[in-house]
Amino acid sequence: MAPARRDRSGCGEMLLPTGCLLLSVLLFHHPALAKVCNDRTKHGQDNSWFARDGENLPIMVLMPMNESALMSSISQGIEPAVQLAIQHIRESRKYSFSLITKIYDTECDNAKGLRAFFDAICYGPKHLMIFGGVCPSVTSIIAESLEGWNLVQLSFAATTPVLADKKKYPNFFRTVPSDNAVNPAVVKFLNYYNWSRVGTLTQDVQRFSEVRNDLTSELEKADIQIADTESFSNDPCVNVKKLKDNDVRIIIGQFDENLASKVFCCAFNLNMFGSKYQWIIPGWYQGKWWEQANTTNCTTKKLLTAMEGYISVDFEPLSSRQIKGISGRTPKEYETEYSRELQQKGVEASKFHGFAYDGIWVIAKTLTRVMELLRVKQRQNTYHNFTVDDREVGKMVLDVMNETNFYGVTGQVMFRNGERMGTIKFNQFQGGEEVKVGEYNAIADVLDLINNTIKFQGVEPPKDRTFVRLQRRHINVPLYSILSTITILGMLMAGAFLFFNIKNRNHRLIKMSSPYMNNLIILGGMLSYASIFLFGLDGGFVSDKEFETLCTVRTWILIVGYTTAFGAMFAKTWRVHAIFKNVKMKKKIIKDQKLLIIVGGMLLIDLCILICWQIVDPLKRTVEEYSLEADPQGRDIAIRPFLEHCENTHMTIWLGIVYAYKGLLMLFGCFLAWETRNVSIPALNDSKYIGMSVYNVGIMCIIGAAVSFLTRDQPNVQFCIVALVIIFCSTITLCLVFVPKFITMRTNPDAATQNRRLKFTQNQKKEDSKTSTSVTSVNQANTSRLDGLQTDNHRLRMRITELDKELEEVTMQLQDTPEKTPYIKQNHYPDANNILSIRNFTDGKDGEKSILKNHLEQKPQAQWGSMDPSRINRGPLEDINSPEHIQRRLSLQLPILHHAYLPSIGGVDASCTSPNGSPGSSPRHRHMPPSYRVMVSGL
């Protein structure tokens, strides 16, 4: 079939420059041939071929036949299939023509192939269609010029994706699926196993690059992530390493068998095989390709190990469905006949023979349909000289080819934009050979996998990535339970101390130690204990929002509890310090209300810091992730531990403020404890225990804070350390404050005041020296005055001792011989006046009063025994220093001394009645005259 329009060179006006230029060169060098060609083409104007039955319709066949040519092995196995198809068409008796094929050898060379095409045009018969095209380069040159010749080419072996461009090759069809046809099948296979992340490894050749580009487009449509795209020319190891570094598990390769051995050798060396990886490669490699193409330093065994389980994808050469097709034969029956033909001709089979067989049937059906259409047009034409030009015939062939749909030996034959919608098969390399595991029907878009044929290296298909499972580093429940139990025991202990303190709040020993402050110490300890429960809670028990609230609450509780406990303890110590370190010797009354105000001030500072912290830079939940870890159960997942923290932007600044304030508070407590270390009343002086508490708390807090910071990535260790530090500090503080009081209450309730008073004689000079030294160090200017006061103080103490002895004698006489009262009045009334004068003296001078009070609190027993014997009236009561008399005097003096101290700590005023009640209510004073009642009350 000649072109409709030709110039002198025989090149159609629609012919593109490449083919036209080569034809012009050939005609220029061979003008004689051009003339002959022109003459012969004139006969091509006759288009009456469709009107006659039994015509022999010539078909141009282009393929390399020379054995030395590349890909000639394919063509040698094609000719038997073509002849078998023509024979079956003739035997079917359904077609009114016979197909005549004329093979032109292209030798897989562009110039020779174009020359063969030109010779077929010029010297051959008028060809209605072109069949063939094996070599991609030759086929693309010829196919590009077909539109100018109004010819349609049908290929059975050209799989290059370049020919899929319908703008450049509008008249090209192929019965074999394109290399791009495997991409929808691969995407379907990926979706079947839910693989949504892949990587590609492509040989840097146009054929493979085209397939990769089309695959990229298909993957994007399917919403499958391409984690990495690698291309290589010779050495793929660097690119394979990059795929591993990017955690690519599903690798789609596009490379020939020569480089495939290098790829799998690199994969073996990088351990990229086995249960964690899946390779998908082309399936058109030659059999045993790993033995023939192994140019690596890896042994065959290593290659087979790395190759085990790979999936190969290629078109199906023959349909697996044994259905009789257009030829009336099943694919199996056809294959049997084809094998017989091969044996007769002694050639090797070609993998494209089924597509060549179906291609001949496509041509037969197309020409039959075109003839029918032309005959219909001829009958409809009123003119007897009906003719049709080549352009119209070419257009009709194109339309009929696009409508092709029948079942052949390769499956359903159907075209979409000139591309065959065929069947794609999936093979898996198992035990040294490829085993078919499924197929994909492009027309129905269905993937059919054969049951139990795919064998993955693991118990399940590989993952498309290293699945990272976030795992919270939480506090172990047994550890939390143990520490919570210890905390509860501590709180119960604190509750017992609270009960003890409240029950005995009116007892002299407890009352002198400020029970209200003791309650605050216990409250602070219990708040510190309570914070342990909150420190053990994390995101595994509460939500994220609740965890942020928890961060704030536990911080507030711990800070407030610390300040409450130690603030109350230090406030007590400050009161002792203020009373006993009063240099001016003035009377001071410091009540519990003032101490509560001091503790409230400390808490107010805490609240100011905490409120500013919460408003300006509140604590928030932050998540710290750690490096990946292998799954301890051996699963194909990675564990990424994470830990929740309570942090904010300027965490260091806020912690520094809190630590500085608490540190100053502890330093202040240490100072007070040191200053009051020599106070001689154990019921008042807790300086030794406060010092021990501060020491233990300080050391434990420093060690705990350091270790807690170093173990912030180990929540169990951190929680254990923090909890133990809080438990230890709270417990040791409460025990040091209350256990001594509890022991004293159980053994000797009066020991707090007896111990120092009974040892006055032995330590008097030492105490006087300490007092003198202390006062002198305070103010050197008053040294002489203080020396005089000390002398007066000593003299008055001696006088009081004498009067006290006389008072005891009078009291005993009043109880034993009431009838001697007038005599006593007459003999001892001056002594009573002397006692009253001493009271007036002490009331008038605060300093001397304080000195007198110190004497009364520290009245020694030994001095009573050292009294001058001349001053004692000997008689029935001459031994007044006997133990019985001493016990009687103590029973009278201790309440008086306690009564004298109470105003200093906010008790009753010294001017009130005696601690024993009204004078008349006591048996000792029941018959005492008013003058003696005044005397006792004054003491």
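Sequence order as written defines residue numbering, which begins from 1 separately in each chain. Since the coordinates come from a predicted model, pLDDT governs what is reported: local features require at least 70, and pairs of side-chain atoms require 80 or more to be given and counted, while whole-chain, interface and lining totals use all residues. As a rule here, side-chain values come from all non-hydrogen atoms in the structure, and water together with hydrogens is ignored.

Caption draft 1: Focus on the overall build of the protein. Helix and strand assignments follow DSSP, with helices taken as H or I runs no shorter than four residues and strands as E runs no shorter than two, numbered in order from the N terminus. Along its length, the protein carries 31 helices and 20 strands. Any two residues having at least one pair of non-hydrogen atoms within 4.5 Å are treated as being in contact. Once local pairs closer than 6 in sequence are excluded, the contacts in the protein between residues at least 24 apart make up 74%. For the area figures, the Shrake-Rupley method with a 1.4 Å probe applies, and any residue is considered shielded solely by the protein chains shown. Entry remark: accessible area of the protein is about 45300 Å², with carbon and sulfur atoms responsible for 55%.

Caption draft 2: Highlighting the sheet that holds strand S11 (residues 405-408). Pairing between strands requires that DSSP locate at least two bridges from one strand to the other. Strands sit in the order S11-S12-S13 across an open sheet of 3 strands; the sheet is antiparallel. Of all the strands in the sheet, the pair left with one neighbour each is S11 and strand S13 (419-420). The sheet contact formed by S11 and strand S12 (residues 411-416) spans 4 bridges and is antiparallel. Counterpart to Tyr 407 in the pairing with S12 is Gln 412. Helix H14 (residues 353-380) contacts S11, S12 and S13 of the sheet and is inclined by roughly 145° relative to S11. Axis lines are fitted through C-alpha atoms, for helices just across the contact stretch, and the angle between N-to-C directions can take any value from 0 to 180 degrees.

Caption draft 3: Region of the structure containing unusual backbone geometry. Phi is positive for Asp 247, which is not a glycine, with a value near 60°. Mapped onto the secondary structure, Asp 247 falls in the loop between helix H9 (237-245) and strand S8 (250-254). Since its relative accessible area comes to 23%, Asp 247 is described here as partly exposed. Even without being a glycine, Asn 271 presents a positive backbone phi close to 60°. For Asn 271, the location among the structural elements is in the loop between helix H10 (257-269) and strand S9 (278-282). A 1.4 Å probe rolled over the protein chains alone gives each residue an accessible area, and that area as a share of the maximum for its type sets the label: buried under 20%, exposed over 50%, partly exposed in between.

Caption draft 4: Layout of the sheet that holds strand S16 (residues 446-449). Taking strand neighbours across the sheet as the criterion, the 8 strands line up as S7-S6-S8-S9-S10-S14-S15-S16 in an open arrangement whose pairing is mixed. Single-partner strands in this sheet number two, and they are strand S7 (225-232) and S16. Each strand axis lies, on average, 25° off the axis of its neighbour in the sheet, ignoring direction. As defined by bridge partners, strand S15 (residues 433-441) adjoins S16 across 4 bridges and the pair is classed as antiparallel.

Caption draft 5: Structural context of the side chain of Thr 106. Note that Thr 106 resides in the loop between strand S2 (97-105) and helix H5 (110-123). Thr 106 has contacts with Leu 62, Met 63, Pro 64, Lys 112, Gly 113 and Val 138, leaving out every residue within four places of it along the chain.

Caption draft 6: Summary view of a nonpolar patch on the surface. What makes a patch is a set of residues exposed beyond 30% relative accessible area and free of salt bridges, joined within 9 Å when like-charged and within 5 Å when nonpolar (Val, Leu, Ile, Met, Phe, Trp, Tyr). Salt bridge, as used here: a side-chain nitrogen of Lys or Arg that lies within 4 Å of a carboxyl oxygen of Asp or Glu. Taken together, the side chains of Leu 604, Leu 607, Ile 611, Ile 615 and Val 616 define a hydrophobic patch exposed on the protein surface, amounting to about 490 Å² of accessible area. Relative to the helices and strands, Val 616 resides in helix H20 (residues 592-616).

Caption draft 7: The pattern of salt bridges, seen in detail. Here the structure, examined in full by the defined rule, presents 25 salt bridges. In this structure, the salt-bridge partner of Asp 119 is Arg 115, at a minimum N-O distance of 3.3 Å. Linking Asp 119 with Arg 115, this pair stays in helix H5, spanning 4 residues, or about one helical turn. Its salt-bridge partner being Arg 249, residue Asp 247 comes within 3.6 Å of it at the nearest N-O pair.

Caption draft 8: Focus on the packing of aromatic side chains. Between the rings of Phe, Tyr and Trp (Trp by its six-membered ring), a pair exists once the centres lie within 6.5 Å; its type follows the angle of the planes, with under 30 degrees stacked, over 60 edge-to-face, and the other angles tilted. For the structure shown, the criterion picks out 34 aromatic pairs. Arranged with centres 5.5 Å apart and planes meeting at 10°, the rings of Phe 268 and Phe 273 form a pair that is stacked. Aromatic side chains Tyr 334 and Tyr 357 sit 4.3 Å apart centroid to centroid with 40° between the ring planes, which places their arrangement in the tilted category. Remark: Tyr 357 occurs in helix H14 and Tyr 334 occurs in helix H13 (residues 331-345); sequence separation between them is 23 residues. Comparing Tyr 334 with Tyr 357, the two get one shared label, buried. Members of the aromatic cluster, joined through ring pairs, are Phe 208, Phe 264, Trp 279, Trp 284, Tyr 285, Trp 289, Trp 290, Tyr 310 and Phe 429. In this structure, Lys 166 packs its charged tip against the face of Phe 173, placed 5.5 Å from the ring centre. A ring has a charge above it when a Lys NZ or an Arg CZ is no more than 6 Å from the ring centre and no more than 35 degrees off the ring normal. Note that Lys 351 overlies the ring of Phe 352, its terminal NZ or CZ placed 5.7 Å from the centroid.

Caption draft 9: Geometry of the packing of helix H18 (residues 515-535) against helix H23 (residues 715-747). At their nearest, the axes of H18 and H23 sit 10 Å apart, and the two run at 165° to each other. Classified by the interaxial angle, the pair formed by H18 and H23 is roughly antiparallel. Viewed along their axes, H18 and H23 form a crossing whose handedness is left-handed. On the side of H18, the interface is formed by Asn 518, Ile 521, Ile 522, Gly 525, Ser 528, Tyr 529, Ser 531, Ile 532 and Phe 535, while H23 contributes Phe 719, Ala 723, Ile 726, Ile 727, Ser 730, Thr 731, Leu 734, Val 737, Phe 738 and Lys 741. For this classification, Asp, Glu, Lys and Arg are treated as charged, while Ala, Val, Leu, Ile, Met, Phe, Trp, Tyr, Cys and Pro are nonpolar and the rest, including Gly, are polar. Split by residue class, the contact of H18 with H23 holds 12 nonpolar, 6 polar and 1 charged. Relative orientations are named as follows: roughly parallel for angles under 35 degrees, roughly antiparallel for angles over 145 degrees, roughly perpendicular for angles from 65 to 115 degrees, and oblique for any other angle. Each crossing gets its hand from how the near helix is turned against the far one by less than a right angle, where anticlockwise is left-handed and clockwise is right-handed.

Caption draft 10: Geometry of helix H15 (residues 390-402). Expected helix span is computed as 1.5 Å times (number of residues minus one). Between its first and last C-alpha, H15 extends 19 Å over 13 residues, near the 18 Å set by a 1.5 Å rise per residue. Along H15, the positions that sit buried rather than exposed are Asp 390, Val 393, Gly 394, Met 396, Val 397, Leu 398, Val 400 and Met 401. On its buried face, H15 is in contact with strand S3 (129-132), strand S4 (153-155), strand S5 (172-174), H14 and S12.

Caption draft 11: Focus on the pairing of strand S6 (residues 197-203). S6 sits mainly inside the fold: 7 of its 7 residues count as buried. As paired strands, S6 and S7 are joined by 7 bridges and run parallel to one another. Looking across to S7, one finds that Gly 199 is bridged to Asp 228. Considered for its hand, the β-α-β crossover made up of S6, helix H8 (residues 206-221) and S7 is right-handed. Sheet topology note: the S6/S8 ladder contains 4 bridges and is parallel. Pairing of Gly 199 across the sheet is with Ile 251, part of S8. A crossover counts as right-handed when, viewed with the strands pointing away from the observer, the path leading from the first strand over the helix to the second turns clockwise.

Caption draft 12: Representation of the pairing of S8. Burial analysis of S8 places 5 of its 5 residues in the buried class, which makes it a mostly covered element. Of the two faces of S8, the one lined by Ile 250, Ile 252 and Gln 254 and the one lined by Ile 251 and Gly 253 are each fully buried. Here 3 bridges tie S8 to S9, and the two strands are oriented parallel to one another. When the sheet's bridge partners are listed, Ile 251 is paired in S9 with Trp 279. As for the winding sense of the linkage, the β-α-β connection from S8 through H10 to S9 is right-handed.

Caption draft 13: Local environment of the state of the cysteines. Two cysteine sulfur atoms form a disulfide, by the criterion used here, when they sit within 2.5 Å. In total, this model carries 4 disulfides according to the counting rule given. With a sulfur-sulfur separation of 1.3 Å, Cys 108 is cross-linked through a disulfide to Cys 135. With the S-S bond torsion at -65°, the cross-link from Cys 108 to Cys 135 turns out left-handed. Of this pair, Cys 108 sits in the loop between S2 and H5 while Cys 135 sits in the loop between S3 and helix H6 (136-149), placing them 27 residues apart in sequence. Pair check on accessibility: Cys 108 and Cys 135 agree, each one buried. Residue pairing for Cys 265: its cysteine sulfur links by disulfide to Cys 298, the two sulfurs lying 1.8 Å apart. Here the S-S torsion is close to 70°, and the disulfide linking Cys 265 with Cys 298 is therefore right-handed. A residue pair is termed long-range when its members are at least 10 positions apart, and Cys 265 in helix H10 and Cys 298 in the loop between helix H11 (289-292) and helix H12 (300-307) qualify at 33 residues. Like Cys 265, the residue Cys 298 is buried in the burial classification. Left unpaired, Cys 612 is separated from the closest cysteine sulfur, that of Cys 608, by 6.5 Å. What makes Cys 612 partly exposed here is its relative accessible area of 40%.

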